[in-house]
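An overview of the molecular structure
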Amino acid sequence: MQIANDKVVSIHYTLKDNDGKILDSSEGKEPLKYIQGKQNIIPGLENAMEGKSVGDKFNVKVQPNEGYGERNDQMVVSIPKTSFGEIKEINPGMQFQLNSQNGPVVVTVVETDDENVKVDANHPLAGVELNFDVEVMDIREATSEELDHGHVH
Ligand code: ZN
């Protein structure tokens, strides 16, 4: 069986940046399961999976426009420290979930001063070229219920 739309695919993967730093991996965990063609995974990886078979091992490089998008500098904003309520210790690199007009967003603290906190609401992997090492572990037909829901059960 080859990977095509509406197949449930199980993969092991390791994701690295261009410096070889590991950003994410399924190693030591259950394989990642997703439905091909349902946008469960980023487009660049999903496209590369098409036509592969169980046992195939390969590398795929995904550009930001097919990954987590380009960085948008307008998503770096200063907000008053009072927005963080009771939290006293706010340091660069910390991540918070804030409520915006468009619902909750995860932001990363860039810098702070006495009154304001500069936060970055870009996805942490926005603008990053993604290097996946992938091994296909299993392929099966999705059930009709899984296809209705758009995710693996
Ligand atoms: Zn479901």
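Cut-offs applied
Residues numbered from 1 in each chain as written. Predicted model: local features only at pLDDT ≥ 70, side-chain atom pairs only at ≥ 80, totals over all residues. Heavy atoms only, no water. Donors = N, O, S within 2.8 Å, 3.2 Å for Na, K, Ca; no water. Buried < 20%, exposed > 50% of the residue type's maximum accessible area, 1.4 Å probe, protein only. Domains from an automatic or database assignment. Core = buried A, V, L, I, M, F, W, Y, C linked by side-chain atoms within 4.5 Å. Helix = DSSP H or I, 4+ residues; strand = E, 2+ residues; numbered from the N terminus. Contact = heavy atoms within 4.5 Å. Phe/Tyr/Trp six-rings, centres within 6.5 Å; stacked < 30°, edge-to-face > 60°. Lys NZ or Arg CZ within 6 Å of the ring centre and 35° of its normal.

For the zinc ion, the full set of protein donor atoms is His149 (ND1), His151 (NE2) and His153 (NE2), and the range of their distances to it is 1.9 to 2.3 Å. Summarised as a motif, the one-chain spacing of the donors to the zinc ion is H-x1-H-x1-H. With relative accessibility at 44%, the residue His149 sits in the partly exposed group. Here His151 falls in the partly exposed class, since its relative accessible area comes to 38%.

Here we come to the domain arrangement of the protein chain. A common way to state how big an interface is: give the accessible area lost once the parts meet. In terms of domains, the protein chain is made up of domain 1 (7-68 + 126-149) and domain 2 (73-120). The centre of domain 1, based on its C-alpha atoms, is set 31 Å off from the matching centre of domain 2.

Residues Leu45, Met49, Phe132 and Val134 are the most contacted members of the largest nonpolar core, which totals 19 residues. If you list the elements that add at least two residues to this core, you get strand E1 (7-16), helix H1 (43-49), strand E4 (57-62) and strand E9 (130-141). In terms of residue count, the dominant contributor to this core is E9 (five residues). In this structure Val134 touches Ile11, His12, Tyr13, Leu45, Met49, Asp56, Lys57, Phe58 and Val60, once residues within four positions along its chain are discounted. By size, the runner-up hydrophobic cluster in this structure holds nine residues, among which are Ile79, Leu98, Val107 and Val109.

Turning to the packing of aromatic side chains, a few remarks are in order. Pairs of aromatic rings are described using the distance from one ring centre to the other and the angle between the two planes. The tally for this structure, following the rule as stated, stands at two aromatic pairs. Between Tyr13 and Phe132, the aromatic rings sit 6.4 Å apart at their centres with planes inclined by 55°, giving tilted as the arrangement. A residue pair is termed long-range when its members are at least 10 positions apart, and Tyr13 in strand E1 and Phe132 in strand E9 qualify at 119 residues. Per residue, the accessibility class of Tyr13 equals that of Phe132, and both read buried. Taking 5.0 Å as the distance between ring centres and 70° as the angle between the ring planes, the aromatic pair formed by Phe84 and Phe96 counts as edge-to-face. On the criterion of sequence distance, the pair formed by Phe84 in the loop between strand E5 (76-80) and strand E6 (95-100) and Phe96 in strand E6 is long-range, its members being 12 residues apart. Of the two residues, Phe84 and Phe96, both sit in the buried class. Lys52 extends its terminal NZ or CZ atom over the ring of Phe58, reaching a point 4.4 Å from the ring centre.

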